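# Descriptive structure summary
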Amino acid sequence: MAQVIAASTERVRIASVWKVFRAQSGPLIALEDVSINVRDGEFLCIVGPSGCGKTTLLRMLAGLEQQTAGQVHIQPGEGNRPLRSVVFQEQSIFPWMNVRDNVAYGLRMRDVRGRALNEPVDYYLERVGLTQFARAFPHQLSGGMKQRVSLARAFANDPEVLLMDEPFAALDEQTKLVLQEELLRLWGEQRKTVIFITHGIDEAVFLADRILVMTARPGRVKALIDVPFTRPRSLFDMRADARYGELTAEIWRALREEVVRAGTSDPSA
């Protein structure tokens, strides 16, 4: 499971990580010798073909999966802040709780009460535009609003690392763009360390400081690409910059053969 390490400028350290699943046909290597360090306050996006182990790696960081070999370390900060919060692709808010109780859930699980609970909950409800929906239940919300609840809950819990597994994948393009901008606005206030899985090259370039490109299964580090654009960012301004086209082309060149290889590989192998 995820462990902690002594203080450094790195918040996350992944060293020579392997993950092998046992299948009826024999061992299935999901991840092979993956190593990467993520700096404190960095926004890292991970792209790769389906089945390359992106989510498996994120689940290890979340403490939900055990690596077969190697080490996964998360550096603790000061005080009693949790090491990580997770925003999943599927809407993971509790249907029997109203919006406010969903946002407060992580804090309540840490036995936070009174003003220490109410202030961050109210703050993040306001920041994601859901104050007037605080007493609404999930079945009364749109898909975008439900993901706003997930964002508010994750930030209100004040983790050292925010882990995000394609949180906007199921949304329409307009809603996705709005939520990407909201995520960057929230992130810019605190500069939390974020590890964000996406299949979208445009999304990765808009959000990330660096982009990790993974190979087809078994997942390995194929490329680690710096994003040169300063913050705050405007997607439309970025698209007008020649560097944007060059960067997306570079990422696609690194990714394309892996997508093709994943699509033509023997799924029973």
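Before reading further, recall that the structure is shown in the block above.
All figures in this text were calculated on a predicted structure; none of them were measured in a lab. (Residues numbered from 1 in each chain as written. Predicted model: local features only at pLDDT ≥ 70, side-chain atom pairs only at ≥ 80, totals over all residues. Heavy atoms only, no water.)

You can see T248 is positioned in helix 8 (residues 242-264). Within polar-contact distance, the side chain of T248 engages the backbone oxygen of G245 at 3.1 Å. Those residues within four positions of T248 in sequence are excluded, and the remaining contacts are I201, D202 and V205. (Helix = DSSP H or I, 4+ residues; strand = E, 2+ residues; numbered from the N terminus. Polar contact = N/O pair within 3.5 Å; in protein donor to acceptor, adjacent residues only side chain to side chain. Contact = heavy atoms within 4.5 Å.)

Right, let's talk about the packing of aromatic side chains for a bit. Any aromatic ring pair is given by two values, namely how distant the centres are and how the planes are angled relative to each other. What the rule picks out here adds up to eight aromatic pairs. Their ring planes at 55° and their centres at 6.0 Å tell us that F168 and F196 sit as a pair that is tilted. Here F168, found in the loop between strand 6 (161-165) and helix 5 (173-190), pairs with F196, found in strand 7 (residues 193-197); they are 28 residues apart in sequence, far enough to count as distant. What makes F168 buried here is its relative accessible area of 2%. Cluster of aromatic residues (ring-pair linked, three or more members): F43, F168, W187 and F196. (Phe/Tyr/Trp six-rings, centres within 6.5 Å; stacked < 30°, edge-to-face > 60°. Buried < 20%, exposed > 50% of the residue type's maximum accessible area, 1.4 Å probe, protein only.)

In spatial order, the strands read 2-1-4; together these three strands make up an open sheet with antiparallel pairing. In the strand order of this sheet, the two ends are held by strand 2 (26-39) and strand 4 (69-74), each with one partner. Geometrically, the sheet is characterised by an average inter-axis angle of 20° between neighbouring strands, direction not taken into account. The pairing of strand 1 (residues 10-23) with strand 2 spans ten bridges and is classified as antiparallel. Bridging from a neighbouring strand, R22 pairs with P27 of strand 2. Against the sheet, helix 1 (residues 54-61) touches strand 1, strand 2 and strand 4, its axis set at about 120° to strand 1. (Pairing = 2+ DSSP bridges. Axes fitted to C-alpha atoms, helices over the stretch in contact; angles between N-to-C directions.)

This part is about the packing of helix 4 (residues 143-156) against helix 5. Packing of helix 4 against helix 5 leaves a shortest axis separation of 11 Å and a crossing angle of 15°. Judged by the angle between their axes, helix 4 and helix 5 are roughly parallel. Considering how the two elements wind past one another, helix 4 and helix 5 form a crossing that is right-handed. Residues G144, Q147, R148, L151 and F155 of helix 4 form the contact with helix 5, whose own contacting residues are T175, V178, L179, E182, L183, L186 and W187. (Parallel < 35°, antiparallel > 145°, perpendicular 65-115°, else oblique. Left-handed = near helix turned anticlockwise from the far one by under 90°.)

To continue, consider the sheet that holds strand 7. Pairing between sheet strands relies on hydrogen bonds along the backbone, with the strands arranged either parallel or antiparallel. Spatially, six strands are ordered 5-6-7-3-8-9 in an open sheet, and the strand pairing comes out mixed. Lying at the two open borders of the sheet, with one neighbouring strand each, are strand 5 (84-87) and strand 9 (221-226). Averaged over neighbouring strand pairs, the angle between their axes works out to 15° when direction is ignored. In terms of strand pairing, strand 3 (residues 43-47) meets strand 7 through four bridges, oriented parallel. Each residue of the ladder has a partner; that of L44, found in strand 7, is I195.

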